[in-house]
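# Examination of the molecular architecture
Single-letter residue listing:
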Amino acid sequence: MGIISAVSGTIKRYGCRVDILSADKRISTRAFIEPLRYKNKVYVGGQYRRLGLARSEKYLYIGLPENTLAENTSVIEMNNIKYIVKRCETYYVHDRPVYVWAILLPYGGALEDDYESD
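Below you will find a few notes about this structure. All chains use their own residue numbering, which begins from 1 and follows the written sequence. Note on the predicted model: pLDDT of at least 70 is required for a residue's local features to be given, and 80 or more for side-chain atom pairs to be given and counted; whole-chain, interface and lining totals, by contrast, use all residues. Working from all heavy atoms in the structure, the side-chain values ignore hydrogens and water.

### Digging into the packing of aromatic side chains
To be explicit about the condition: Here the aromatic set is Phe, Tyr and Trp, taking the six-membered ring for Trp, and pairing holds for ring centres within 6.5 Å; pairs whose planes are under 30 degrees apart are stacked, those over 60 apart are edge-to-face, and all others are tilted.
A complete count under the given rule lists 2 aromatic pairs for this structure. When the ring of tyrosine 91 is compared with that of tyrosine 99, the centres are 5.0 Å apart and the planes differ by 20°; the resulting orientation is stacked.

So this is what it looks like as structure tokens:
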């Protein structure tokens, strides 16, 4: 079993059921979504995390490479909770896609990234 089939099999077997909403289509698939943990209070983008100011939860998505995502457009729904894709990339091994990872934010409401910095 190669790395590509091992990763794909793991996502399909242990991943949660999710729906990917893009433009006019809805794709049901499996993926992992988990809270993005911050080490040393460093926040995605290299900024220090300021506690207590605004919602700043971020989540990590790991899914199958055949399900393409679009930044600031694709919405991921899991257990009736929606997330918007803020950044996404495909991980490759020997020029073959293995999985897609993305940074998700809760969909709707004011978020830390939506405020202008002073």
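### Describing the pairing of strand β1 (residues 16-22)
Heads up, the condition is: Burial status follows relative accessibility: with a 1.4 Å probe on protein chains alone, a residue under 20% of its type maximum counts as buried, one over 50% as exposed, and anything between as partly exposed. Only DSSP runs of H or I covering at least 4 residues are called helices, and only runs of E covering at least 2 are called strands; the numbering of each starts at the N terminus. Strand pairing follows a simple DSSP-based rule, namely that at least 2 bridges must link the two strands.
Within β1, 5 of the 7 residues are buried, which leaves it mostly tucked inside the rest of the structure. Here β1 pairs with strand β2 (residues 25-35) via 7 bridges, running antiparallel. Along β2, the bridge assignment pairs isoleucine 20 with isoleucine 27. Joining the antiparallel neighbours β1 and β2 is a turn of 2 residues, in which alanine 23 adopts a positive phi near 50°. Pairing of β1 with strand β6 (residues 75-78), which is carried by 3 bridges, proceeds in the antiparallel orientation.

### Regarding the environment of tyrosine 107
Rule in force here: The contact definition used throughout considers only heavy atoms, calling two residues in contact when any of these lie within 4.5 Å.
For tyrosine 107, the position within the fold is in the segment after β8 (96-106). For tyrosine 107, a relative accessible area of 47% translates into the label partly exposed. When the C-alpha atoms of tyrosine 107 and valine 75 are compared, they prove to be 7.6 Å apart, with 32 residues separating the residues in sequence. Apart from residues lying up to four places away in sequence, tyrosine 107 is in contact with Val75, Lys82, Tyr83 and Ile84.

### Here's the deal with the sheet that holds strand β7 (residues 81-93)
The condition that has to hold: Here an axis means a line fitted to C-alpha atoms, over the contact stretch when the element is a helix, while the angle between two N-to-C directions is reported on a 0 to 180 degree scale.
Sheet architecture is closed into a barrel: 6 strands sit in the order β1-β2-β5-β8-β7-β6, paired in antiparallel fashion. Adjacent strand axes in the sheet meet at a mean angle of 45° when their direction is disregarded.

### Looking at unusual backbone geometry
Of note, the phi angle at asparagine 72 is positive, near 60°, even though the residue is not glycine. By the element assignment, asparagine 72 lies in the loop between β5 (59-63) and β6. Note on asparagine 72: relative accessible area 45%, which makes it partly exposed. The backbone of histidine 94 shows a phi angle near 50°, a positive value even though the residue is not glycine. Here histidine 94 falls in the exposed class, since its relative accessible area comes to 76%.

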